[in-house]
Structures are given as C-alpha cells and as structure tokens.
Amino acid sequence: MKRHMWQLFALLLITFFASGIVLAQDLDADSLNLLLLDGAQEVMVNKLSMSDVFDKSSNWEVYTDDNQTLEVAKGVYHMYLKGDAFTWGLNGENDSDTVVHVKTIQRTENNNNSYGIICRADPENNGNGYYFEISGEGYYAITVVNGDDIHTLVDWTKSKAINSGQDENEIIAVCVKDYLALYVNEVLLAETTDSAFTEGQTGLTVSSFDKKSDVDIAFDNVSVWHANVNQNVSILPSTQKDAIKNYAGDANEILGELEQSGIIPSGSQLIFNENYAYFTGQGSWFTPLASRSPRKNIVAGAELTFTVGDTSKFELCTLTSRIKTDSQGDAVTYIHVGIGNDGLVYVFDRFSESQDTAIQGGKSILDLDSPHNLLFLLIDDKATVYVDGKLEISDFAIAERSGSYGIALLGQGPKAKCEGRNIWAYSVPATRPGVCIVTSGNAVNKRSGPGTDFSSPGKLPGGEEATVIGQARGSDGKTWWQIEDESWVREDVVTALGDCADLPITG
C-alpha cells in the first residue's frame, strides 16, 4: 500500500520516549469488562481477536522513506516521523465492534505531537476512520477522518490522567455500534457517538506538528477484543424524546420525566423562576433574568403568549439564554428560543459579536391565538426544543459557552406583545458518570491550597465550568474542591454538580 503524508492544516491543534516499554500487568477480559462499566454504554468484550507483543514478525504494516519509519524492532512497533504531517500503520484484519488496548512510550523530547489508536480504518482511502489520540502535552481527543471531512467528535482537552512528555501511557479505544470511548491509564476521558463507519481495520497513528523536530513513538502489547453491547441500555444520555407528557406541569414534574427518560441526569438545580414578564410595542425589546447566574447546560421552560403586531414583517417572541452583554448591558451574543409570527418555533444562535447567526425552524405551524408551553434543552453544543410536549427541533448545533437569560420581543407593529408565564431554568449537571463540575454566578477567588490563608492564583470566572479532581476539608471546616488546574475553591461560593461525593481526598 502506498503511504500518504498529510499536511496538518488546522486539523489537530494540540500539541507526546526511551527504548523498551516497562509493561504493567495486562488487562484480561474480566478486568477490562469491569473497567468498561465506567462508560455510559454497557460494553463487554467476549473474544480476543488479536494480540501482538512484537517479539517476532507480525501483520502490522512496515514502511520507510526519508520522512518516516514504521517497523517492528526490539520488541515494539516503532513509528518515527519528521515534519508537519501524520502517518499510520494498519494490521490488516477487518472487524466491526472492537475494544483496542495498547501500551505506548514517547522516545523524543518534542511534545508538539499526537498519537494513539485508529479503529474501523479504511486502507484504501487515505486513513479514513476514528482516531483516539493523546499528545505529549497531556491532551486527548476523538477525531473522525472521512475523505476531506476531518473534524473532532470530542475536542482536544487536557487531563491529568495522561502522562506527558517522555513517559508511558496505556490507551483503550472502544468502537461498538455507534458508541466511541477513550480511556487512558484506565481512566475514562471521552465518549461520543458517530455512525460514519461500521467496520474496518485497527491501526496505530502518530502526528507531528513541528517542522523542525522528530516524533518517535513505541507501541507494545496491542490487543484487539471483539465486543458487544447490552441492547437494553441506551448508548448515551439522549437529549430528546418524541413527546413530553408533563409539559404543562410544574418544573419539578417536567424535570422528573426528563430524568426518568434518561434525557438528563439527576441533580439539576434551580437557577430562577419568574412568574410573569412581558413586552409590548414596536421595536426590539429585551429584559434580563438571573443575570448573575450564567450557565452553559440548562433546561428551561415557559408558557408564551404571542400577540402579532404585523404580519408583513418578521416578529419574534422568545426566551433568551447564553447571553453575553457588553459594558452598556446590551446583549451581544445569545441564543433565542421562541415563536415567530409565521407560527413556527425557532432557535437563533448569535454566537459572535460580529453577528454570525445559526437558525433552525420547527416542524409545526402553531395557533397564535392560544398560549404555548415552550421547553428547551441547551446541552453542550446541541439545542432541543419541545412545544406543547411535541418535539419540534432536535439536536440543533449551537456554539458552546456560558451565559445568562432573558425574555425578548422583536415587534414590527404597535400591538405586538410577548407574554411569558412561569418562566424557569435549571442547570443540568455533568452527564458523564463519575464527573463533578463546579460553577458560580460571579467570579470567585481560587486558592493554591484548601483554605483562605493560601495565595490566590486568580479567579474562576462567573458562569465558567471547572472539572473537580479532588476535595479536602479546610481548617475552616468547609469542603474545598480541587479543580483541573490544581487550584481550590470553597464549597459555599460555587455550585457543585454531578458525581461529587466520592471524589478522592487530595489535600
């Protein structure tokens, strides 16, 4: 097979050495299945399809030229690469549902790289497949390559679970049905779904992002397991269902149904509840709600009544979220979810201050002579909207960020009126099992240790979410949360969401 060198555009923006790999105890099927219980999808390995310790010739591709070497040598699969490019080697065996495990070590000092596992690779199409990668700087991502369509399914994120630089790591990639997951050093880091590829070969990959430095990675103890899923368990918590029965009930009833249906996890917390708000008249009107409690992941609802003022020009009665305001208090970025005077429900995502906007309309024409119950979820990069319990907009792509809330009217006639009753919003906790996050409405001081007597390295901005990695009891008797940058915040100045109770004691 002809090997292709790819220049790395803006595909992979992140920035992973020594002779043999010191091997840890191998994962057998029972140990691997126990580890895989951490995922949102119940995956079980049931047959070892391939195992290679590279102590003799193997089925893995070998290749060499002036810029790269792929070879089996000294008990490892050795991949060496020069320049701003990436390469891969496949093992020649086709499979569909697999769990792949490999041990790695970085041999060069250049950390501006990435490396890892490919599953469902197509050997005839320039490396198509799913890429599960880590970097020398301690980042991870899941990427899909499909011809010229190259994008991250899980964006590059830094994790303390990854040993950075010239060190060893164990990587596990899960490709079962449309469920994809990445474990590093037996820690679940990422999971998502995608259905672009259903079968293919297993591969290993190395990328270099520095034209002047080499990357040298050794892979060892590769095992490929055939796996299946428990069909009675959903792939990932869904952000939608066809209908909501309690759409006209109170917020607690609606949240209970969403939790029981697996749409959101338990543990949502009230942000605000406003009995009544309205605008009337010609113009563009907006009033903030809970402006000091910005959040990213929310469930929100209201009963909206829209009186049309002009049918010849577009009008909109809307709830607004993920609002960022300027120094004058004007909304510069936001997401509108509401009803147009054409009877359709809309999502408008104005995601940049240069007024870039994404728009999605619903499926049904509403009777504007009657009030309508609006329910929507903004979860990470997806928006889902129900009107009167019926799913109208499903998983519409939006920009990820935190923001505050409001109600707004775009009126073209003097009689235009937007009324909202029982307006509420709840923050939704982290959806991945075992994840705890903290957030705060206002900027709060971070500390270098679990107490106010420690120095402050900065602030946690209002509305920004931070993943918690540990906890400690301070001398003040309060619980302190240690976040990803290893700083600390106190329990009573932040809101903790998700699986927080069993975090390790780290201070």
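Basis of the calculations
- Residues numbered from 1 in each chain as written.
- Predicted model: local features only at pLDDT ≥ 70, side-chain atom pairs only at ≥ 80, totals over all residues.
- Heavy atoms only, no water.
- Pairing = 2+ DSSP bridges.
- Helix = DSSP H or I, 4+ residues; strand = E, 2+ residues; numbered from the N terminus.
- Axes fitted to C-alpha atoms, helices over the stretch in contact; angles between N-to-C directions.
- Disulfide = S-S within 2.5 Å.
- Buried < 20%, exposed > 50% of the residue type's maximum accessible area, 1.4 Å probe, protein only.
- Arc of directions from axis to C-beta.
- Contact = heavy atoms within 4.5 Å.
- Polar contact = N/O pair within 3.5 Å; in protein donor to acceptor, adjacent residues only side chain to side chain.

> Before we go on, may I ask you to explain the sheet that holds strand 34 (residues 488–490) in this structure?
Whenever strands of a sheet pair, they do so through backbone hydrogen bonds, lying parallel or antiparallel. Sheet architecture is open: 5 strands sit in the order 34-33-32-29-35, paired in antiparallel fashion. Of all strands in the sheet, those bounded by a partner on one side alone are strand 34 and strand 35 (495–498). Ignoring strand direction, the axes of neighbouring strands in this sheet form an average angle of 45°. Across 3 bridges, the pairing between strand 33 (residues 479–483) and strand 34 is antiparallel. Across the sheet, Gln482 pairs through a bridge with Trp488, a residue of strand 34.

> Looking at this structure, how should I read the sheet that holds strand 20 (residues 316–325)?
Strand order in the open sheet formed by 6 strands is 18-27-20-21-22-23, and the pairing between neighbours is antiparallel. Pairing within the sheet leaves two strands with one partner each, and these edge strands are strand 18 (283–289) and strand 23 (357–361). Ignoring which end each strand starts from, the neighbouring axes of this sheet average 20° apart. Across 8 bridges, the pairing between strand 20 and strand 21 (residues 331–340) is antiparallel. Across the sheet, the residue bridging to Leu316 is Gly340, located in strand 21.

> Would you mind going over the state of the cysteines with me for this structure?
Each disulfide consists of one covalent bond between the sulfur atoms belonging to two cysteines. Evaluation of the coordinates by the stated rule reveals 3 disulfides. Between the sulfur atoms of Cys436 and its disulfide mate Cys500 the distance is 2.1 Å. On the S-S bond that ties Cys436 to Cys500, the torsion sits near 90°, and the link is right-handed. Residue Cys436 is found in strand 29 (residues 436–439), and its partner Cys500 is found in the segment after strand 35; the two are separated by 64 residues along the sequence. Of the residues examined, Cys500 reaches a relative accessible area of 9% and is grouped as buried. The connectivity of the disulfides in the chain is 1-2, 3-4, 5-6, where the numbers refer to bonded cysteines in sequence order.

> For this particular structure, what's the right way to read helix 1 (residues 29–36)?
Think of an α-helix as 3.6 residues a turn; residues three or four steps apart then line up on the same face. Restricting attention to buried positions, one finds in helix 1 the residues Leu32, Asn33, Leu35 and Leu36. All buried residues of helix 1 fall inside an arc of 160° around its axis, so they share one side. Those residues of helix 1 that are exposed and aimed more than 90 degrees away from the buried face are Asp30 and Leu34. In the core, the buried residues of helix 1 are packed alongside strand 2 (43–52), strand 7 (98–106), strand 12 (168–176), strand 13 (179–184) and strand 16 (214–229).

> Is there a simple way to explain the pairing of strand 29 in this structure?
When a strand is regular, its side chains alternate between the sheet's two faces. Of the two faces of strand 29, the one holding Cys436 and Val438 and the one holding Ile437 and Thr439 are both buried throughout. Relative to strand 35, strand 29 runs antiparallel, the two sharing 4 bridges. In the strand pairing of strand 35, Cys436 is matched with Gly498. Bridge count between strand 29 and strand 32 (residues 466–473): 2 bridges; the pairing is antiparallel. The residue bridging Ile437 from the neighbouring strand is Thr467, located in strand 32.

> I keep staring at the environment of Ser352 and nothing clicks. Help me out?
Here Ser352 is to be found in the loop between strand 22 (345–350) and strand 23. Separated by 91 residues in the primary sequence, Ser352 and Ala443 have C-alpha atoms spaced 22 Å apart. Ignoring anything within four residues of it in the chain, the contact list for Ser352 reads Val332 and Thr333. A polar side-chain atom of Ser352 sits 2.8 Å from a polar atom in the side chain of Ser354. Of the polar contacts made by the side chain of Ser352, one reaches the side chain of Asp356; its length is 2.8 Å.

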